[in-house]
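# Architecture at a glance
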Amino acid sequence: MIVLAWNCRGMGQPSAIRKLRALVCSSNPDCIILMEAKVNSGTMLSILQNLHFLNHVYVPPVGLSGGFCVAWCDGIDMESVTMNKHIISLLVFSSPGTAPWLLSAVYGPNSSMEKRLFWEDIHLQTNCFSGAWLIIGDFNTIWSSGDRSSGSGMDIGSRKMRSTLDNLGMLLIPASGVNYSWSNRRQGNRRIRSKIDRVVANEEWQRSFSNASIRMLPQTTSDHNPQILYCFGQNSFAKRPFRFEAMWTEDKRSHWVVNQAWCSMSHQFPPSRFYKRLSACRHALWYWNKSQFGKTNISTTQEAIAKIQ
């Protein structure tokens, strides 16, 4: 499973939508998390549908700020547990036979009072789930003084974050790529950069996803950097959850593949028979797609199209 998280600072501009589309095309995420979308529910729905994310939960903005969204593709089974303007928690059912885990997307508040309530809400998440747990997003707080290039160091929010996460047994997952995740975009001595977007997880999650990696991408239309979580490692294509591709139906051979796989399994108990046949179809289609089409390289495809034009 691949998760893209980004404080986009508004989805109302065409440039932001184009950047989001480019991020989705290049990273092929199964789930996207958007903070500060600043658009109404109808506009958010239209953007997500155009990107083929047909499942989502959305907390609309209040006035000119906010707009918090988690969206996921068909083939990924997720169930909303908690939803407010700062935390969206969902249970992730990766695949049959795999224990569900809790994904908490966060968009940290600015004020000291809200930060205190925010961390209390984080702690309360343990009341609804006690298994593998990952938190990702904009914490709006640095972890240590080294997470800021200049300006003031750690504050009360930083200490509250560390004590809460320590009590919950959450550990930082280090990110590769860009060192900082936010910039005030000023020049010279007035420039400040901070690392306030991050990913933390408990020991159980890190045992289940021992090859997980995080990559921080460069800034573009927002003052925040997008971050990408690869649950099974950046180079692990085969371990990603199965996703049915609509283009397969345009190839008549896919019908034969499904028919052969469906008829290859039988069981006297109907639910078990259905599950075995469905699993056989999933594996057959995955192998057929890999052998016939492989993994499409976007940059290579774009170069080929440019030559044709």
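Residues numbered from 1 in each chain as written. Predicted model: local features only at pLDDT ≥ 70, side-chain atom pairs only at ≥ 80, totals over all residues. Heavy atoms only, no water.

## Brief notes about the overall build of the protein
On a plain count of helices and strands, the protein comes out with eight helices and 15 strands. Within the protein, buried positions represent 43% of all 309 residues. The long-range fraction of contacts in the protein, counting pairs at least 24 apart against all pairs at least 6 apart in sequence, stands at 62%. (Helix = DSSP H or I, 4+ residues; strand = E, 2+ residues; numbered from the N terminus. Buried < 20%, exposed > 50% of the residue type's maximum accessible area, 1.4 Å probe, protein only. Contact = heavy atoms within 4.5 Å.)

## A closer look at the sheet that holds strand β1 (residues 2-7)
Sheet architecture is open: seven strands sit in the order β3-β4-β2-β1-β15-β14-β10, paired in mixed fashion. With one partner strand each, in any of the chains shown, β3 (55-59) and β10 (175-177) form the two edges of the open sheet. Averaged over neighbouring strand pairs, the angle between their axes works out to 15° when direction is ignored. Taken together, the three bridges between β10 and strand β14 (residues 213-216) define a ladder with parallel strand orientation. (Pairing = 2+ DSSP bridges. Axes fitted to C-alpha atoms, helices over the stretch in contact; angles between N-to-C directions.)

## Regarding the pairing of strand β15 (residues 227-230)
A two-sided burial pattern is seen for β15, the buried positions comprising Gln-227 and Leu-229 on one face and Ile-228 and Tyr-230 on the other. Relative to β15, β1 is paired through four bridges, and the arrangement is antiparallel. What sits directly across from Val-3, in β15, is Leu-229. With four bridges connecting them, β14 and β15 associate as antiparallel partners.

## Focus on the packing of aromatic side chains
Here the structure, examined in full by the defined rule, presents eight aromatic pairs. Following the ring pairs from residue to residue traces out a cluster consisting of Trp-101, Trp-205, Phe-209 and Phe-232. (Phe/Tyr/Trp six-rings, centres within 6.5 Å; stacked < 30°, edge-to-face > 60°.)

## Details of the side chain of Arg-277
Its location among the elements puts Arg-277 in helix α7 (residues 270-292). Separated by 3.1 Å, the side chain of Arg-277 and the backbone oxygen of Trp-262 make a polar contact. In this structure, Arg-277 is in contact with Trp-262 and Met-265, ignoring residues within four places of it in sequence. (Polar contact = N/O pair within 3.5 Å; in protein donor to acceptor, adjacent residues only side chain to side chain.)

## Quick look at a nonpolar patch on the surface
Nonpolar side chains collect at one region of the surface, where Trp-262, Phe-274 and Leu-278 lie side by side and expose about 290 Å² of accessible area between them. Counting through the fold element by element, Phe-274 comes out in helix α7. The exposure class of Phe-274 is partly exposed, given its relative accessible area of 48%. (Patch = residues over 30% accessible without salt bridge, like charges linked within 9 Å, V, L, I, M, F, W, Y side chains within 5 Å. Areas by Shrake-Rupley, 256 points an atom, 1.4 Å probe, with all protein chains shown as cover. Salt bridge = Lys/Arg side-chain N within 4 Å of Asp/Glu carboxyl O.)

## Quick notes on the sheet that holds strand β6 (residues 87-93)
Taken in spatial order, the six strands make up an open sheet running β5-β6-β7-β8-β13-β9, and their pairing is mixed. Two strands lie at the open edges of the sheet, namely β5 (77-83) and β9 (170-172), each paired on one side alone. When the angles between neighbouring strand axes are averaged without regard to direction, this sheet yields 25°. Note: β6 against strand β7 (residues 101-107), six bridges, orientation antiparallel. The partner of Ile-87 across the bridge, within β7, is Val-106. Where helix α3 (residues 112-124) meets the sheet, it contacts β6, β7 and β8 (133-138), and its direction lies at approximately 20° from that of β6.

## Things to note about the pattern of salt bridges
A complete count under the given rule lists five salt bridges for this structure. Salt-bridge contacts for Arg-207 lead to Glu-203; the nearest nitrogen and oxygen are separated by 3.5 Å. Taken together, the residues Arg-207 and Glu-203, both in helix α5 (residues 203-208) and four residues apart, mark about one turn of the helix. Owing to a relative accessible area of 56%, Arg-207 belongs among the exposed residues under this scheme.

## What to know about unusual backbone geometry
Its identity is not glycine, yet Lys-38 carries a phi of approximately 60°, on the positive side. In this fold, Lys-38 is placed in the loop between β2 (31-35) and α2 (41-50). Not every positive phi belongs to a glycine, and His-52 is a case in point at roughly 70°.

## Notes on the pairing of β6
The element β6 is largely enclosed, with a buried count of six among its seven residues. Where β5 lies against β6, six bridges are found, and the strand directions are antiparallel. Across the sheet, residue Met-78 finds its bridge partner in β6, namely Val-92. Between the antiparallel neighbours β5 and β6 lie three residues.

## Considerations on the side chain of Asn-289
Position of Asn-289 among the secondary structure elements: in helix α7. Using a relative accessible area of 11% as the deciding quantity, one classes Asn-289 as buried. Engagement of the side chain of Asn-289 in a polar contact is seen with the side chain of Trp-248, the distance being 2.9 Å.

## With respect to the nonpolar core
Core analysis: the biggest nonpolar cluster contains 31 residues, and Ile-33, Trp-101, Leu-134 and Trp-205 have the highest contact counts within it. Sorting the residues of this core by element identifies β1, β2, β3, β4 (68-72), β6, β7, β8 and β13 (197-202) as the ones contributing at least two each. Ranked by residue count, the leading element in this core is β7, at four residues. Grouped together as the second largest cluster of nonpolar side chains are 25 residues, Ile-2, Met-11, Ile-32 and Ala-37 included. (Core = buried A, V, L, I, M, F, W, Y, C linked by side-chain atoms within 4.5 Å.)

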